[in-house]
Amino acid sequence: MAKKVLVIVSSPRKGGNSELLCDRFISGAEEAGHQVEKICLKGKKIAPCIACEACLNNGGVCVQKDDMGEILEKLIAADVIVLSTPVYYYSICAQLKIMIDRTLAGGSRLKSKEFYFIATAADGAHVMECTMNDMQGFVNCVPGSVVKGKVYGSAFHVGEIQGRPAMEEAYALGRNC
Ligand SMILES: Cc1cc2nc3c(=O)[nH]c(=O)nc-3n(C[C@H](O)[C@H](O)[C@H](O)COP(=O)(O)O)c2cc1C
C-alpha cells in the first residue's frame, strides 16, 4: 500500500551528508511506489516555541504565524516521517529541535507514525546515540508511533558520505518502508 512519506532535512548545509542520505532513502521509497515529500528546514521561517500554552487551550492554534503551520499539517498527514540531522555537540541540530518543539500545537492530531532516523557525524556511530535518543524522546511523545529504522552516517566534510555503506542502508530502508 502506498504511504505518504515526509522527509525532514534539518542540516543548514545544502547537499550535506544527512541530505544525501535522505535522498537515497527517497529513491528507495519512490521506487517502492510511495508518495514522498522532502522538506528542507534551511530557508524556512520557524520561530522557537515560546511556551505560551495558547495552543493547549485554543484547539491547537499557534500564535506564531510562520512556516511551521504548513509543516505541522504535513507531519500530521504523513504515514511515515524521516527525521534527519547532523550531530552538533552530541545533539540534534537547533533547526530540528525548533521544529520538534513547535509540534506541541499538533496536540492529539499528531499520532500513529512510522519514524526513521538519519544522523551524520564526523566520528563513528557511538557519538550518534545521544542524538538518536533526542529523536526517540520526540517519538515517545507521539502516541501510537514506532521507530522502524536508523541510519548512522559517519562523514565530516560536505558530501563525504558518498560511496559509504550508509548510503545503501538508507536506500534499503526507503525501499522497504
Ligand atoms: C557546530 C558543529 C558541531 C558538531 N559537533 C559534532 C560532534 O559532536 N561530533 C561529531 O562527530 N561531529 C560533529 N560535527 C560534525 C558534523 O556532525 C558532520 O560534519 C556531519 O557530517 C554534518 O552533517 P551534514 O553534512 O548533514 O550537515 C559538528 C559540526 C558542527 C558544524
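Criteria and thresholds
- Residues numbered from 1 in each chain as written.
- Predicted model: local features only at pLDDT ≥ 70, side-chain atom pairs only at ≥ 80, totals over all residues.
- Heavy atoms only, no water.
- 1 Å grid on protein atoms, 1.4 Å probe; cavity = no way out; pocket = protein on both sides within 12 Å on 5 of 7 lines; lining within 4 Å.
- Points joined across faces, edges and corners; volume = space filled by probe spheres on them.
- Nonpolar A, V, L, I, M, F, W, Y, C, P; charged D, E, K, R; others polar.
- Helix = DSSP H or I, 4+ residues; strand = E, 2+ residues; numbered from the N terminus.
- Salt bridge = Lys/Arg side-chain N within 4 Å of Asp/Glu carboxyl O.
- UniProt positions renumbered as here; feature names shortened; annotations may be inferred.
- Buried < 20%, exposed > 50% of the residue type's maximum accessible area, 1.4 Å probe, protein only.
- Arc of directions from axis to C-beta.
- Contact = heavy atoms within 4.5 Å.

A. Broad picture of the layout of surface pockets. Here the largest pocket is characterised by a volume of approximately 330 Å³. Lining the largest pocket we find 17 residues, and of these Val87, Tyr88, Thr120, Ala121 and Ala122 sit closest to its centre. Classifying every residue of the lining of the largest pocket by side-chain character gives ten nonpolar, five polar and two charged. Here the second largest pocket defines a volume of roughly 250 Å³. Elements with a contribution of two residues or more to the lining of the second largest pocket: α4 (94–102) and α5 (129–140). Looking at side-chain class alone, the lining of the second largest pocket contains eight nonpolar, three polar and three charged residues.

B. Fine view of the pattern of salt bridges. Tallying each qualifying case throughout the model produces twelve salt bridges. Between Lys38 and Asp23 there is a salt bridge, and its shortest N-O distance comes to 2.7 Å. You can see Lys38 sitting in strand β2 (residues 35–40) and its partner Asp23 sitting in helix α1 (residues 17–31), a full 15 residues away along the chain. Residue Lys97 pairs with Asp101 through a salt bridge whose shortest N-O separation is 2.9 Å. Of this pair, Lys97 and Asp101 both sit in helix α4, separated by four residues, roughly a single helical turn. Several salt bridges converge on common partners, so that one network encompasses Lys14, Glu19, Asp23 and Lys38.

C. Structural context of the UniProt feature "domain: NADPH-dependent FMN reductase-like" (unreviewed entry) in the protein chain. In the numbering used here, UniProt assigns the "domain: NADPH-dependent FMN reductase-like" (unreviewed entry) feature to residues 4–149. A distance of 17 Å separates the end C-alpha atoms of residues 4–149, which is 34% helix and 21% strand.

D. Quick look at helix α6 (residues 165–175). Every buried residue belonging to α6 is among Ala166, Met167, Ala170, Tyr171 and Gly174, and all of these are buried. The buried residues of α6 occupy an angular sector of 145° when the element is viewed end-on, so they sit on one face. Here the buried face of α6 lies against α1 and β5 (146–154).

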